[in-house]
Structure formats: structure tokens, C-alpha cells
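What follows is each chain in one-letter form.
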Amino acid sequence: MIADDVVPIARLLLSGAIPHNYERPAEWAERNIIFAHEKDPIKGAIDLDFSPHLIDPLNAWELEPGQGLKELTVVGPQQMGKTLTWLCGLLWSMVFRMSLSLIYYTSEPKAARVNEEKLEPVMRQIERFRKLLALPNAKTKECYRLGENLIYFGGVGSRISSHSARHVIADELDDWQDAEGTNALSDARTRCRAFLESLLVKVCTPRGTAKSSPIWREFLASSQGFRFLRCLGCGELTMRSCDISNLKFERTESGEVVPGTLRLVCPKCGHAHAESEKAEMNRRGGYRHNRPERLKTHPGFQFGALASNFPALSWQKIAEAQLKAGRSGIVQDQIDFDNTIRGLPFEPRKLDDTADAMLKRHTVPPPPESEILYRFLSVDTQDNCFFWVVRGLDAARNTYLLASGKAETTAELAEAWEAQYHCGPLTMGIIDEGGHRAAEVREFAETRPGLFTYKGNPRIGKNWKLSEEISGLILANPAHYHLQLLYLLYVAMNRGKNFWFVPPELPADYIAQLTSWKPAPTKDGRELENYVCPDANDHYYDCEKMLLVLLDFFFEKVLPLLFAQRMKPQVVRRP
């Protein structure tokens with residue numbers, strides 16, 4: 001006798017083997033994908049007529065028998081459907097090409113969150129998967145078992161890396177943190193080798209520059225398909241969705257966008273489109289691939305904010321983001337605009353990379369003492385001495401070099417900490433832990449309120465964060481602040497806001513070390529990200545770089561508290 005509850009379970013599991021009427025992934029998604037989770041911004045069935053830029057990336061999930069490994073790369077801003085391209089494709093494959101799949105997230109908590117808020121709610125709207133999810137052991141902490149489909153998931157470098165899979169998904173690739181001596185993306189490729197045809201899917205918003213963005217390197221290795229809007233004048237695909245320069249508008253006397261004046265202008269025929277035509281331009285849009293011969297083995301798709309029909313990326317908001325990036329003088333605003341609006345790597349533009357011209361642009365006499373609101377110390381620790389700088393901050397967030405020096409001992413450094421600068425005491429400080437001097441530096445900082453220690457760590461997944469293990473230690477991504485300082489030195493134009501100033505007279509050693517990073521003697525060496533320091537004599541440069549970390553911490557965590565306390569106390573105490 002077979003138990004009464006076994007027969008329906010067996011039928012459900014075996015139903016996956018019954019052939020289905022074939023549908024392409026995008027077609028199937030429109031009929032089956034429904035959003036009903038409480039955190040979904042828009043409820044109901046997916047509407048690819050509203051987001052036509054997702055159709056081609058979805059259909060790229062199709063494989064030809066025996067074709068071997070196929071790779072798919074999708075690049076674009078947040079909240080434009082990058083995750084949908086793998087979520088819908090994966091569910092389609094679970095119907096028409098059942099197999100083992102593997103999803104790499106940036107971390108175990110991210111895996112749990114995305115599964116709970118995105119993947120599983122959509123699966124529960126599909127009757128077959130809803131019934132399979134109700135079976136015993138359908139979900140464990142590392143996998144879903146759904147009939148003939150097995151989906152492993154987890155953070156990069158976790159135990160899931162030992163499994164082979166027909167479909168491997170690399171989610172938010174630029175946020176991955178490889179363990180030393182490993183390459184998780186290469187490992188993901190090896191997971192696919194056991195199958196006659198398999199698919200590696202990579203999706204992400206670019207982070208930082210082309211050199212620092214893994215997803216952009218993957219896109220360059222692909223067919224390089226850029227999403228274009230179609231001109232309703234000449235009828236051609238002439239406007240890339242990432243080229244915000246085609247968006248024209250009038251400004252008020254104060255420099256704001258004048259509502260109602262925005263027009264997207266065709267660079268070929270000059271036809272000016274109103275935003276009311278945006279949906280039609282996108283519906284009739286398409287991808288143009290720079291390397292179409294790679295479409296079969298590695299299709300790649302890039303889209304920018306102009307491909308969005310959602311109000312959050314209206315032309316008004318895009319134009320405001322463009323203006324903010326251009327006038328704020330903050331390199332992070334420029335990076336955010338390129339990464340999260342254009343969907344491209346950040347591309348800094350240099351004015352003049354000679355040291356003399358750079359210093360001349362930044363020279364200004366010290367301002368009146370009353371204009372300096374806060375004063376900050378930054379210390380670079382060496383084996384036998386300390387280099388330090390002090391900068392003052394005004395109301396427009398301009399900073400001024402007030403002093404620099406070299407302390408041979410901690411006693412001399414203590415004198416620098418206690419001194420007055422431009423008629424005022426220090427507000428905060430930051431000091432490099434200095435390798436084997438870490439214990440000595442921490443002890444020095446612990447007895448001085450407001451003095452934080454610093455350690456570079458490119459694997460923290462963000463620009464900076466407070467250490468959870470060591471009180472008063474700020475961890476920071478050194479590559480980010482290195483690029484930010486070079487940008488401030490050689491690119492920034494706005495002398496009235498967020499500008500970096502030095503006095504007319506500077507010590508020779510400060511000049512030499514500040515300008516120690518120079519263009520590399522290569523074809524692309526004049527790009528900021530390719531600057532080199534031939535002699536490693538960059539101690540004052542490192543002081544200035546660490547001071548940018550301290551300022552970010554100050555603006556985000558400290559300044560709001562000072563305002564709440566009516567700007568007092570002036571000295572910030574360590575946690």
C-alpha cells in the first residue's frame with residue numbers, strides 16, 4: 001500500500017518531466033511573473049512594454065544544444081531591473097531547462113534577504129513552485145529543492161563553491177570580496193564545466209572607475225551592447241540611454257533646472273523630444289552591439305537612466321543629478337552620477353597634470369580666523385617618525401592647509417595635537433596605525449579625545465566604516481580616497497565649495513611628497529587611476545588622503561551631533 005499523501009507528491013515531482021509549449025524567456029515572464037510582496041514598489045504582473053530594455057537580456061538565457069559555456073553580462077543603474085534579468089531567467093529555465101543552479105550573492109545575509117524579499121515571493125505566485133515549496137525540506141539554509149530543480153545559494157566564498165551547476169549567477173559582482181589568493185568569478189566559471197551547455201550570468205552597477213570595476217571588464221569582454229532610444233524625427237537609434245549630454249534644459253538665475261524646459265535632442269538630426277515621448281522612444285529603442293560576433297557566446301547589455309520610464313528617474317531628476325555632480329566639487333557626487341545614473345564607470349577629466357600648475361590653482365592666502373569652523377589633524381606613521389598636516393574647514397566645506405610638520409617622537413606629536421591652529425584648537429584627528437607600531441599608536445590615541453586610528457582595507461565593501469572589534473579604529477578603502485585626492489588636486493574646478501586650498505608659501509618637502517604621484521610612462525598613464533609613485537616618498541600625500549576619510553566620517557556621523565548640541569563641544573570624543 002502506498003500512503004495517501006505520497007501519490008500527489010510523486011505526481012507533482014514528476015510533472016516537471018512533462019513537455020511544455022515552448023516560450024521565449026521574456027514572453028514567459030510576462031505571463032507568469034507577478035509581484036505581490038509587501039516590499040515590491042509596484043504590484044502586479046511584470047510589464048516589459050514599460051521596461052523594454054530588459055527583453056533582450058532575458059532572451060539571452062536561451063542556450064543552443066552543445067554550445068558549451070555561454071556568459072551573459074548586464075550593466076546598469078540601481079532600480080532598473082538588473083536583478084529581474086536573472087530572477088526571471090532562472091525561473092524560466094526551471095520550467096524549460098530543469099537542472100542545478102547556483103547563485104552567488106555578496107554575503108550570506110544578502111542571500112537570505114534577496115531570497116526572502118525577491119526570489120521566493122515571485123516563486124510563490126507560480127502554482128507549481130508554490131506547491132513544491134510546501135513540501136518537506138523544499139528549502140534549507142543553503143538550497144531550494146523544487147522537483148528536478150536544485151538551487152544552491154550563498155555568499156561569495158561559502159561552501160556552495162564546491163557544487164557544479166548549469167546556471168551560475170554572479171549577483172552584484174563589484175561588491176564581491178575575494179579572500180586573499182582567490183578569484184571567486186574564476187571559480188564560478190569552473191562550476192559550469194561539467195555541462196554540454198551552461199550559462200554564467202553577471203549583473204551589477206559599476207563601482208568606481210573602469211579599472212576598479214570587475215563588471216565593466218566583463219562588459220568589455222562581451223558583445224558590448226548599448227541601449228539606444230530611437231529618434232522620432234529621423235527614426236534611427238541615435239541616443240544612448242547613458243548619454244545624459246543629449247538632455248538639454250534651461251536654468252534659473254540660481255542655476256536650477258527650469259521645469260518644463262527639458263528636451264532630449266537627437267545628435268544626428270537635432271529633433272527635440274518632450275518627456276511625454278519618452279515611452280515611445282524606449283519602446284522603439286534597441287541595443288547596438290560593438291562586437292556582434294560575440295552575441296552567441298557572451299552577450300553584454302548596458303543601459304542608463306534614460307531607458308527608465310519610472311518617475312524616480314524622470315528627466316527632471318536626471319538633470320538635477322547632473323547639475324549636482326558638476327557644481328558640488330565633491331568627487332563622490334561625480335562618481336555617483338556616472339555609476340548610478342549613467343550606469344558607466346567613473347571617468348575623471350584632468351585639467352593640467354603638472355605639479356606647478358596644480359599648486360597654483362589651489363593657492364590662496366589663509367582666510368580670517370573667524371571663517372575656520374573646525375580643524376583636523378592627520379598623521380602618517382613611519383618606523384621612526386610621524387608626518388602630519390592640519391586643515392581647517394569653512395562653512396562652504398572648503399579646506400585650508402594650516403600647518404604641516406614632522407614629529408620624531410610621540411612627545412613631539414603630542415605637542416602638535418595640543419597646539420592652536422589659526423587661533424583655535426583641533427576638533428578631531430586621525431593617525432595611521434603604522435604596521436608594527438599599532439599598539440603604540442592605539443595607546444597614544446586612547447588618551448586623546450577625538451583622535452581616531454586608521455587602517456586601509458580594500459575589502460570592507462564600502463568607502464569607510466568603524467571597526468567592530470577595535471574602538472576608535474576607522475577602516476577605509478585606500479583606492480577610493482587615493483582617487484578622490486587626485487581628483488581634488490588635478491580635476492576639481494569649483495573654488496567656492498568643497499575646494500582644497502594651500503597657502504602661497506609651502507615647505508619644499510611638502511611640495512615634493514604631495515606631488516609624488518605622477519602619470520605613468522605608458523600610453524594610458526595620464527589617467528588618474530594609472531598614476532604611480534616612483535620613489536614611495538608620499539607621506540604628506542598619505543596624510544591628505546587620510547584626512548579625506550576623517551572628513552567623510554565627520555560629515556556623516558559627527559556634524560549632525562554637533563548641530564544637535566548647538567555646535568558644542570568643539571572636540572569630538574572617541575566612542
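See the structure printed just above.
The sections below set out a description of the structure shown in this document. (Residues numbered from 1 in each chain as written. Predicted model: local features only at pLDDT ≥ 70, side-chain atom pairs only at ≥ 80, totals over all residues. Heavy atoms only, no water.)

This part is about the pairing of strand S5 (residues 143-146). Sheet topology note: the S5/strand S6 (residues 149-155) ladder contains four bridges and is antiparallel. When the sheet's bridge partners are listed, Cys-143 is paired in S6 with Tyr-152. From the end of S5 to the start of S6, which pair antiparallel, there are two residues, and Gly-147 there has a positive phi angle of about 65°. (Pairing = 2+ DSSP bridges. Helix = DSSP H or I, 4+ residues; strand = E, 2+ residues; numbered from the N terminus.)

This paragraph deals with the nonpolar core. With 70 residues, the main nonpolar core has Ile-33, Trp-61, Trp-86, Leu-91, Ile-103 and Met-123 as its most contacted residues. For this core, the leading source of residues is helix H4 (residues 82-96), giving nine residues. Excluding residues that lie within four positions of it along the chain, Ile-33 makes contacts with Trp-28, Gly-44, Ala-45, Ile-46, Cys-88, Leu-91, Val-122 and Ile-126. Among the nonpolar cores identified, the runner-up in size contains 54 residues, and Leu-359, Leu-486, Tyr-531 and Phe-554 belong to it. (Core = buried A, V, L, I, M, F, W, Y, C linked by side-chain atoms within 4.5 Å. Buried < 20%, exposed > 50% of the residue type's maximum accessible area, 1.4 Å probe, protein only. Contact = heavy atoms within 4.5 Å.)

Right, let's talk about H4 for a bit. Side chains that are three or four residues apart share a direction in an α-helix, a result of its 3.6 residues per turn. If you check H4, its first and last C-alpha atoms are 22 Å apart, about what 15 residues at 1.5 Å a residue would give, namely 21 Å. With respect to burial, H4 is a largely interior element, 14 of its 15 residues being buried. (Expected span 1.5 Å × (residues − 1).)

It is at 9 Å that the axes of helix H11 (residues 331-342) and helix H15 (residues 478-490) come closest, and there the two elements cross at 110°. In this view, H11 runs roughly perpendicular relative to H15, as classed from their interaxial angle. Touching Val-331, Gln-332, Gln-334 and Ile-335 of H11 are His-480, Gln-484 and Tyr-487, all from H15. For the contact of H11 with H15, a count of residues per class yields three nonpolar, four polar and no charged. (Axes fitted to C-alpha atoms, helices over the stretch in contact; angles between N-to-C directions. Parallel < 35°, antiparallel > 145°, perpendicular 65-115°, else oblique. Nonpolar A, V, L, I, M, F, W, Y, C, P; charged D, E, K, R; others polar.)

Another point: the side chain of Glu-120. Inspection of the secondary structure assignment puts Glu-120 in helix H5 (residues 108-123). In terms of polar contacts, Glu-120 uses its side chain to reach the side chain of Tyr-144, at 2.8 Å. Beyond its immediate stretch of four places on either side in the chain, Glu-120 contacts Asn-115, Leu-133, Lys-139 and Tyr-144. (Polar contact = N/O pair within 3.5 Å; in protein donor to acceptor, adjacent residues only side chain to side chain.)

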